[in-house]
Amino acid sequence: MNFILNLTISLSLLSIGSCIRWHMQPNSRKCLREELRENILVKGVYEVTPVDNQQVDYVVRDSKNHILAQKEDISSGKFTFSVENYDIFEICFSSKVSSNEYHQGAVQEVFVDIKTGVEAKSYEGIAESFKLKPLEMDLKRLEDFSEAIVLEFKDMKMRADEMRNTNESTNKRVLYFSLFSMICLIMLATWQVFYLRRYFKAKKLIE
């Protein structure tokens with residue numbers, strides 16, 4: 001019992017989402033990128049300090065430039081989307097200042113808290129839907145964390161295999177290119193020797 005509670009607390013500490021806070025200059029743009037595997041739920045919370053005659057918009061896109069979520073003139077709120085395929089996603093925040101010549105714009109503070117996968121799940125809602133007891137909910141959370149860890153290790157192994165294959169392929173190409181370069185240099189040197197020999201003979205500089 002204590003072991004399960006301690007493990008739950010440890011995994012909860014590891015599940016802290018990626019929070020970031022920055023100061024956005026007027027008429028500027030900042031993007032955050034995340035590499036996610038398939039079938040992942042993403043939830044985010046944002047908050048922007050308001051400034052008169054100035055607004056901040058956000059948009060979420062995948063690598064194919066498909067828009068997954070967007071909103072204009074934000075102050076605070078949430079966004080949620082799900083990932084079907086392994087891809088790189090980015091969320092971009094853009095600051096826009098009105099065309100009023102008397103308003104030069106001001107720095108705005110932006111806060112974003114993004115949670116993915118198991119972190120984004122609402123276990124309280126799951127417990128209410130399936131009428132789970134607190135211990136059962138903790139076990140469900142542990143099960144999901146275990147599956148997430150296994151999938152992460154699989155992804156790491158797959159990337160390691162891809163990198164190894166790439167390195168091996170690159171090494172072979174470098175070897176072949178080096179051999180080809182050496183053969184070309186030898187042939188060029190041989191041709192130069194015969195050419196110079198004929199040239200010097202024609203000029204009667206050598207016999």
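Structure's up top.
Residues numbered from 1 in each chain as written. Predicted model: local features only at pLDDT ≥ 70, side-chain atom pairs only at ≥ 80, totals over all residues. Heavy atoms only, no water.

(A) Here's a closer look at helix α3 (residues 134–202). The end-to-end C-alpha distance of α3 is 100 Å, a good match for the 102 Å that 69 residues give at a rise of 1.5 Å each. Of all the residues in α3, the buried ones are Met137, Asp138, Arg141, Leu142, Asp144, Phe145, Ala148 and Asp155. Looking one or two residues beyond α3, the residue adopting positive phi is Lys204, at roughly 60°. (Helix = DSSP H or I, 4+ residues; strand = E, 2+ residues; numbered from the N terminus. Expected span 1.5 Å × (residues − 1). Buried < 20%, exposed > 50% of the residue type's maximum accessible area, 1.4 Å probe, protein only.)

(B) Structural detail: the sheet that holds strand β2 (residues 29–36). The antiparallel open sheet is built from four strands, whose spatial order is β2-β7-β4-β5. Each edge of the sheet is formed by a strand with only one pairing partner; in this case those strands are β2 and β5 (67–71). Across the sheet, the axes of successive neighbouring strands diverge by a mean angle of 15°, strand direction being ignored. (Pairing = 2+ DSSP bridges. Axes fitted to C-alpha atoms, helices over the stretch in contact; angles between N-to-C directions.)

(C) Looking closely at the environment of Arg33. By the element assignment, Arg33 lies in strand β2. Among the residues examined, Arg33 registers a relative accessible area of 59% and is labelled exposed. For the pair formed by Arg33 and Ile91, sequence separation is 58 residues and the distance between their alpha carbons is 6.6 Å. When residues no more than four places from it in sequence are discounted, the contact partners of Arg33 are Phe89 and Glu90. (Contact = heavy atoms within 4.5 Å.)

(D) Examining the pattern of salt bridges more closely. One pass over the full model with this rule turns up six salt bridges. A salt bridge links Glu35 to Arg159, with the nearest nitrogen and oxygen atoms 3.9 Å apart. Of this pair, Glu35 sits in strand β2 while Arg159 sits in helix α3, placing them 124 residues apart in sequence. Given the relative accessible area of 40%, Glu35 is considered partly exposed. With a closest N to O distance of 3.3 Å, Lys157 and Asp161 form a salt bridge. Residue Lys157 and its partner Asp161 are both found in helix α3; the two are separated by four residues, about one turn of the helix. A residue is classified by how much of its surface remains accessible, and Asp161, at 22% relative accessible area, is partly exposed. (Salt bridge = Lys/Arg side-chain N within 4 Å of Asp/Glu carboxyl O.)

(E) Structural context of the packing of aromatic side chains. Throughout the structure, instances matching the rule amount to nine aromatic pairs. Ring plane angle 50° and centroid distance 5.2 Å describe the contact between Tyr46 and Tyr58, whose orientation is recorded as tilted. Taken as a pair, Tyr46 in strand β3 (residues 40–48) and Tyr58 in strand β4 (residues 54–61) lie far apart in primary sequence, 12 residues in all. Since its relative accessible area comes to 2%, Tyr46 is described here as buried. Chaining the aromatic ring pairs together yields one cluster made of Trp22, Tyr46, Tyr58, Phe79, Phe81, Phe89 and Phe93. (Phe/Tyr/Trp six-rings, centres within 6.5 Å; stacked < 30°, edge-to-face > 60°.)

(F) Spotlight on the side chain of Glu90. Following the sequence through the fold, Glu90 ends up in strand β7 (residues 87–97). You can call Glu90 buried: its relative accessible area is 18%. Within the local environment of Glu90, its side chain forms a polar contact with the side chain of Arg33, the two groups lying 3.1 Å apart. Filtering out sequence-adjacent residues up to four positions away, Glu90 remains in contact with Cys31, Leu32, Arg33, Val59, Val60 and Arg61. (Polar contact = N/O pair within 3.5 Å; in protein donor to acceptor, adjacent residues only side chain to side chain.)

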